[in-house]
Amino acid sequence: MTALTDLLAEQSIVLDATATGADDAIAQAGAALIAAGAVDSEYTAAMLERERSVSTYVGEGVAVPHGTLASEAEVQRDALVLLRFADPIDWNGNDVTVVIGLAARGRGHVGLLSQLAAVLLEPERALALREATSTADVHRALSQ
């Protein structure tokens, strides 16, 4: 199984993001996945579509927006992007400060979501992710 940190390039980590709401944060995550060369431009619409059908809030102030099964053709390679927001975003009634955009081919997203869940089940790792001030902090929180 590929490590989370192997899919998260340093340039795909933004620690000072701002957003007007969940849709804006999802659009920014989609744009970061496009910039990373992981997805085609249509993928962001699929991320927004998924959010309308089921919330991607996973707890601990973290949301993991990703596309639908139908959007697999837009995924060029598995990748993650991480955006951290100083001001919490209202995510269907939950406060979100970390958005992890995810792109994966096939059922690869299931394994990646499982690895992210393992991180978030440890409160100190989740806190480290929310309070990261450097890309090294993010990588450390995801790889412990």
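Residues numbered from 1 in each chain as written. Predicted model: local features only at pLDDT ≥ 70, side-chain atom pairs only at ≥ 80, totals over all residues. Heavy atoms only, no water.

1. Examining the confidence of the model for the protein chain
When pLDDT is low, close inspection of the predicted coordinates is not appropriate. For the record, the criterion: Confidence scores per residue from the predictor, reported as pLDDT, run from 0 to 100. We count a stretch as a helix when DSSP gives it H or I for four or more residues in a row; a strand needs E for two or more, and each element gets its number in order from the N terminus.
Summary statistics for the protein chain give a mean pLDDT of 92 and a share of 97% for residues scoring 70 or more. Per-residue pLDDT, averaged within each element of the protein chain, yields its smallest value for helix α3 (residues 108-120) (80) and its largest for helix α1 (residues 22-35) (98).

2. Considerations on helix α2 (residues 43-53)
For the α-helix, the turn length of 3.6 residues means that residues three or four positions removed from each other point alike. Cut-off, in case you're wondering: Think of it in three bands: residues with accessible area under 20% of the maximum for their type are buried, residues over 50% are exposed, and the middle band is partly exposed, with areas taken using a 1.4 Å probe on protein chains only. Residue contacts are defined here by distance: any two heavy atoms, one from each residue, within 4.5 Å place the two residues in contact.
Turning to α2, its buried residues are Y43, T44, A46, M47, L48, R50 and E51. Those residues of α2 hidden inside the fold are in contact with α1, β4 (79-91) and β5 (94-103).

3. Side note on unusual backbone geometry
Its identity is not glycine, yet E60 carries a phi of approximately 55 degrees, on the positive side. The topology assignment puts E60 in the loop between β2 (57-59) and β3 (62-63). In the Ramachandran plot, N92 falls in the positive-phi region, its phi being about 55 degrees despite a non-glycine side chain. Its place among the elements puts N92 in the loop between β4 and β5.

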